[in-house]
Every structure is written in structure tokens, then in C-alpha cells.
Amino acid sequence: MIRLEGQRLLVSGPLTISTVATLKGEGAALVAEADRVVDLSAAGPVDSAALALLLSWTRAANGVGRKLSIVAAPPALLSLAALYDVDAILPLAH
């Protein structure tokens, strides 16, 4: 689920192959509207589909000149991003 609070997108629940398809379009539209912070503090569990989702949102934001940052990424997501060597292209706040 995605909840918008100001410029922050609060993403909650699992980010897995069975859930990300329902979030992709809504999130892409929201990140294209304004600069956003994606807050993953309530997300989990995650799998590699979460990376695909975040990469698609990053492309959507970049495509219209918006800034995007991702905060509170779960450790499993950070590990996957490093494993797939996409941690440098995702706007992960440390």
C-alpha cells in the first residue's frame, strides 16, 4: 500500500513478486508529480521484485526531472541491491 503524506510516499506491506504489480503505476504517477521521498520503514518482506519496482519509480521520476530518494530501506533490500549491483543507481539515502 502507498500513502502520500506531504512529499513522502509511505510504502507498507510486502514488496514481492505477488504485490509490486499493483503498486507500480500508482507510485510512478506520484513520483512524476513532484520531488518525493519513498519511505520503506513499514515495508517487508521484500524480494528482487522490490528492486524492479524502485528502479521503475526512479526512471519515472528522472524522466520528468523530479528528485527521488529512498529512505529506511530494509536490510534485505539493501543486500539485494548490492548483490545485483544496482545500489549505486538507486537513490538510497544512508
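For the structure itself, consult the block above.
Scoring rules and cut-offs
- Residues numbered from 1 in each chain as written.
- Predicted model: local features only at pLDDT ≥ 70, side-chain atom pairs only at ≥ 80, totals over all residues.
- Heavy atoms only, no water.
- Helix = DSSP H or I, 4+ residues; strand = E, 2+ residues; numbered from the N terminus.
- Rg over C-alpha atoms; globule rule 2.2 N^0.38 Å.
- Buried < 20%, exposed > 50% of the residue type's maximum accessible area, 1.4 Å probe, protein only.
- Contact = heavy atoms within 4.5 Å.
- Lys, Arg positive; Asp, Glu negative; His and termini not counted.
- Charge placed at Lys NZ, Arg CZ, Asp CG, Glu CD.
- Pairing = 2+ DSSP bridges.
- Right-handed = clockwise from strand over helix to strand, strands pointing away.
- Axes fitted to C-alpha atoms, helices over the stretch in contact; angles between N-to-C directions.

Engineer: Hey, could you run me through the overall build of the protein chain in this one?
Structural biologist: Counting secondary structure elements, the protein chain contains three helices and four strands. When the helices and strands of the protein chain are read in sequence order from the N terminus, they spell out β-β-α-β-α-β-α. Here the protein chain has a C-alpha radius of gyration of 12 Å; the compact-globule value for 94 residues is 12 Å, and the two agree. Counting all 94 residues of the protein chain, 43% fall into the buried class. Sequence separation of 24 or more characterises 76% of the internal contacts of the protein chain that already satisfy a separation of 6 or more. The distance from the centre of the 7 positive side-chain charges to the centre of the 8 negative ones in the protein chain is 6 Å.

Engineer: Before we go on, may I ask you to explain the pairing of strand β3 (residues 36–46) in this structure?
Structural biologist: The side chains of a regular strand alternate between the sheet's two faces. Bridge count between strand β2 (residues 8–15) and β3: six bridges; the pairing is parallel. Looking at β3, one finds that R8 is bridged to V37. As a crossover connection, the stretch from β2 through helix α1 (residues 20–33) into β3 is right-handed. Of the strand pairs in this sheet, β3 and strand β4 (residues 68–71) are connected by four bridges, and their pairing is parallel. In the strand pairing of β4, V38 is matched with I70. Crossover β3 to β4 through helix α2 (residues 48–63) is right-handed.

Engineer: Is there a simple way to think about the sheet that holds β4 in this case?
Structural biologist: By way of backbone hydrogen bonds, the strands of a sheet pair with one another, either parallel or antiparallel. With respect to topology, four strands assemble into an open sheet ordered β1-β2-β3-β4, the strand pairing being mixed. Both outer strands of the open sheet, β1 (2–5) and β4, are each paired with one neighbouring strand and no more. When strand polarity is set aside, the average angle formed by the axes of neighbouring strands in this sheet is 25°.

Engineer: Can you help me understand unusual backbone geometry in this one?
Structural biologist: Peptide bonds are, in most cases, trans, and in most cases residues other than glycine have a negative phi. With an omega dihedral of -5°, the bond running from G44 to P45 counts as a cis peptide bond. Within the secondary structure layout, P45 lies in strand β3. Residues other than glycine seldom take positive phi values, yet A72 does so here, at roughly 55°. Position of A72 relative to the elements: it lies in the loop between β4 and α3 (75–83). Phi is positive for D85, which is not a glycine, with a value near 60°. Following the sequence through the fold, D85 ends up in the segment after α3.

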